[in-house]
Amino acid sequence: MLSKTLAMRWLVVLSVFIGLGFGSSTPAHADEFSDAVQALNADNNTDKAAAIEALSATGDERAATVLSALLNGTLFYRQSDGLVVLSKESGNVTILIDPSTMNEVADVSGSEAKKIRINNKLRGQLKGVLGALTLLSKDADKRQNAADEVFKANDPSMLPVLQKAIARESDPDVKGRMLRAQAAIILEYSEDTAARLKAAQTLGEFTDPDISALLGKIANTSTDPEVKKLAKDMQDSVEGRLAAWSFLGNLFQGVSLGSVLLLAAVGLAITFGVMGVINMAHGEMVMLGAYTTFMVQDVIRTHFPAAFDWSLAIAVPAAFLVTGAVGILVERGIIRWLYGRPLETLLATWGLSLMLQQLIRTLFGPTNQEVGNPSWMSGAIETSTGLVLTYNRIWIIVFSLAVLGMLALVTRKTMFGLQMRAVTQNRAMANSMGIRSGWVDALTFALGSGIAGMAGVALSQIDNVSPNLGQTYIIDSFMVVVFGGVGNLWGTLVGAFSLGIVNKFLEPYAGAVLGKIFVLVGIILFIQKRPRGLFALKGRSVEG
Amino acid sequence: MKKTMKILAGAGAIAASVLTATAAQAADTIKVGVLHSLSGTMAISETTLKDTVLMMIDEQNKKGGLLGKKLEAVVVDPASNWPLFAEKTRELIEKNNVDVIFGCWTSVSRKSVLPVIEELNGMLFYPVQYEGEESSRNVFYTGAAPNQQAIPAVDYLLSKDGGEAKRIVLLGTDYVYPRTTNKILRSYLHSKGIMDADIMENYTPFGHSDWQTIVADVKKFASAGKKTAVVSTINGDANVPFYKELGNQGIKAEDIPVVAFSVGEEELAGLDTKPLVGHLAAWNYFMSVDAPANASFIKTWKTFIKDDKRVTNDPMEATYIGFKMWTQAVEQAGSTDVDAVRQAMYGQTVKNLTGGTAVMNTNHHLSKPVLIGEIQDDGQFDIVWKTDGEVVGDAWSDFLPESAKLTADWTFPWVCGNCEKPLYAAQ
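Residues numbered from 1 in each chain as written. Chains lettered and ligands numbered in written order. Predicted model: local features only at pLDDT ≥ 70, side-chain atom pairs only at ≥ 80, totals over all residues.

A.B. asks: Hey, could you run me through the sheet that holds strand β1 (residues 29-35) of chain B in this one?
C.D. replies: The strands making up a sheet associate through backbone hydrogen bonding, with each pair oriented either parallel or antiparallel. All names here are of chain B. In spatial order, the strands read β2-β1-β3-β4-β5; together these five strands make up an open sheet with parallel pairing. Of all the strands in the sheet, the pair left with one neighbour each is β2 (70-76) and β5 (139-141). Averaged over all adjacent pairs, the angle separating strand axes in this sheet is 25°, with direction ignored. As judged from the seven bridges shared by β1 and β2, these two strands associate in the parallel manner. (Pairing = 2+ DSSP bridges. Helix = DSSP H or I, 4+ residues; strand = E, 2+ residues; numbered from the N terminus. Axes fitted to C-alpha atoms, helices over the stretch in contact; angles between N-to-C directions.)

Rendered as structure tokens:
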């Protein structure tokens, strides 16, 4: 038998959905409703929690609007008399609405209204309550969301609404989620062994870390030996499937880290790999690309806010041009005087990197700049298996491969690429063929810098845009290029992805700090064995 | 050879005359040293504090200066280079003859300054929350000690309002502040009945940017059926990618709240905070506190920095309190002499920007209120909890057995920063 309080709560909820079904707003109802709304403006959180419970218990159909306004921070109260109002943005003005009449409240200025504050605990409660209230919604997405919230809340008082919703549900996916929520409640709170065994069986078919945790809890605490044993078995089978998914998750994270390394390194693969310039200012080119993104977004925000989602599409060519131009200046102004003197090049470019950092710090200030994620890069593909693929990472993987592909096309299929390779392989011969090797050098360096700038656009999406951005990536970039084989794009690709994946598989065991050290030691040993990296290539750097 | 000697001697004479000229000028002003990094990794946080000191000096001079003299700022740049902090301190005291120094952010920079400032008997005001376990005669700590930030924050997480967490994840950057704070927190959690099996500790390098694995691990740790919360001592640049990853992986504050000790308004300025609503921070000051003193401070700051978008934060308030206390102590002592000002500092009070009064105690730490705020979608904090009154800062933690025995008290009969017995105890 269920306990008495439990039965009471069931009754309350039963009345909720009776209310939902038949609750036309009779005058008596309206009073009860506005009293309950008014009670939300309580001094402490305990009273607010009670008020939320009471409001959902009125069964009024307007309750969901008010509660979701409270959750989203758009429920206000008037300072003079404490009247609770909804706020709505309409154009640039905020209008306040009385929730019981849905009419606009006259003579309230925006500054006189204050937000009703909630904390995390109330937020959790609200989501659960709203879940129960929206289980019968017409919108399938809302029902699905509601089913998930009810599962999270795992509150036995929601069972009757849930059963009602299951009986009505036609969408198989949503129904599955509702059944999961129902099974979780039965397994934890019911005292009927047969029902609990069936629930454990149902739950065992899902692959979900939350379910594994619930089954584990039951397996540890249940006093019923039959339930205990089945829960244990089911947990093992869920865990087994989860392990496979977790492997996939690790793989994705490794590939994603690899793509970041690839992006950071591919520009360096040109300036260092092909031309043999030890370019310590490479990281600053990445940083300049990120700041270009910030500038582009700033212009778009102030002038064309509607086009924000396109900001990155504009920032990529812009960053390429800006950093490419800086690259030409650097090559013509500094580096061309230093060919064949690696130590001086190293010092000069390192000095240049410090100057660029301080220049940006002076122009933009030392604080982080906000670079927004366009909507198509926010959020994640979330599977119930605990595997989360974030959109920004997916796009960065795609982008890094696209950049590498374009670069390969440029070097292999264009006239410029041909000249670049010719100068790399034999400068004297190329010169005598009429190639202006000086300009090829400048353009090659510009290409490398431009690609670094494009990498900056992508990295601005996952890292902070500050003058120090470049320093984070310079060591990693050299590591990838040296490991992959100087002067070989294919080597850079393989090097970046293998370092990323190895790093991510080490991290859970060794921790982030030790993991990185292991990778570094591994590379040092590898370079001892194969000084030219994974894929060695003939080129100027090899001859020099 | 002779010629060079002559030139050298001439140069020496000129240098000497220049020096005496500046010395003569110095008599008319009181010099205030500003020792904050203006370049390198810490410039992001410390530049703001340099500007805060300059603003306070400006305000004081508008009121007619101090002891009838104008204040003059001597700004140096230790460039986020820890040994350089010590050199610059020596330069400020010996060459520029400053009467007081406001400076440092990281604990390692403060530790590097300590021997120099003690040797030369200078005075440093340190405005940042730190790990405690220290009390120097020459330093006044105006930021929070662990019992003014970390301990109350954990109390909140374990309380009913905070969600009654039963498992705690301690995430930190790998250096002295997070490691010491987490050591204190672990022993505090033990005393609250949370054992090692329910505590996960993880450290990452400075500027760590790939948080995928760690955030996924936290998620896994949290799915054990017990309410889980994260205590973050992640410092500096690493915070932005960390919060971005949290948002993208869909960790909501009501499922796994994250309370941070190094994330304030300034750090959030580079972030879209919509996915982070409800995550927490513990400080002694928030910009959103509705108090007249705070409103006028924010207004002065925005006018001074000529940027309406700039925010204020906790270390700025700590700098403000420290500066005010120093001016009051100088006036009371009638001199800028370090020993006289130090005596006048004890018991000195300044109104907090958030209401209430900060008091300087004889252990060189302040009594301050503790506030806990939830991140809002506009990058500000909504205060959800605060202590009833001011909490006295503890130099030595009560939760580490070897520290609990120690007392810091720089007045008679103790006159000691880390003693078990007073130095001048009655025989």
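Structure shown, so let's carry the discussion forward.
A.B. asks: I tried to follow the environment of Thr293 of chain A on my own but got confused; where do I start?
C.D. replies: Residues and elements named next belong to chain A. Mapping Thr293 onto the fold places it in helix α12 (residues 282-303). Thr293 sits in the buried class, given 29 other C-beta atoms within 10 Å. For the pair formed by Thr293 and Asp309, sequence separation is 16 residues and the distance between their alpha carbons is 13 Å. Excluding its chain neighbours within four sequence positions, the residues that come into contact with Thr293 are Ala315, Ala319, Val371, Gly456, Val457 and Ser460. (Buried ≥ 20, exposed ≤ 12 C-beta atoms within 10 Å, placed from the backbone. Contact = placed C-beta atoms within 7 Å.)

A.B. asks: Which parts of the structure should I look at to understand helix α8 (residues 172-189) of chain A?
C.D. replies: Think of an α-helix as turning once every 3.6 residues; residues three or four places apart then point the same way. All names here are of chain A. Here α8 contains 18 residues, and its C-alpha end-to-end distance of 25 Å stays within 8% of the 26 Å for a straight helix at 1.5 Å per residue. When we look at burial in α8, the residues that qualify are Val174, Arg177, Met178, Leu179, Arg180, Ala181, Gln182, Ala183, Ala184, Ile185, Ile186 and Leu187. As for α8, its buried residues are in contact with α6 (140-153), α7 (159-168), α9 (193-204) and α10 (209-221). (Expected span 1.5 Å × (residues − 1).)

A.B. asks: Explain unusual backbone geometry here, please?
C.D. replies: Only a minority of non-glycine residues have a phi that is not negative, and only a minority of peptide bonds are not trans. Residues and elements named next belong to chain B. The omega torsion of the bond from Phe412 to Pro413 falls at 5°, within 30 degrees of zero and hence cis. The topology assignment puts Pro413 in the loop between β17 (407-409) and β18 (416-419). Here Ser80, not a glycine, exhibits a phi torsion of approximately 55°, which is positive. With respect to the secondary-structure elements, Ser80 resides in the loop between β2 and α3 (82-95). Here Ser80 falls in the buried class, since 21 other C-beta atoms lie within 10 Å of it. The phi dihedral of Val415 is positive, around 50°, even though this residue is not glycine. Relative to the helices and strands, Val415 resides in the loop between β17 and β18.

A.B. asks: Got a minute to help me understand the environment of Pro115 of chain B in this structure?
C.D. replies: Residues and elements named next belong to chain B. Topologically, Pro115 is positioned in helix α4 (residues 107-119). The exposure class of Pro115 is exposed, given the 12 C-beta atoms found within 10 Å. Each C-alpha atom, one on Pro115 and one on Phe286, is 33 Å from the other, the two residues being 171 residues apart in sequence.

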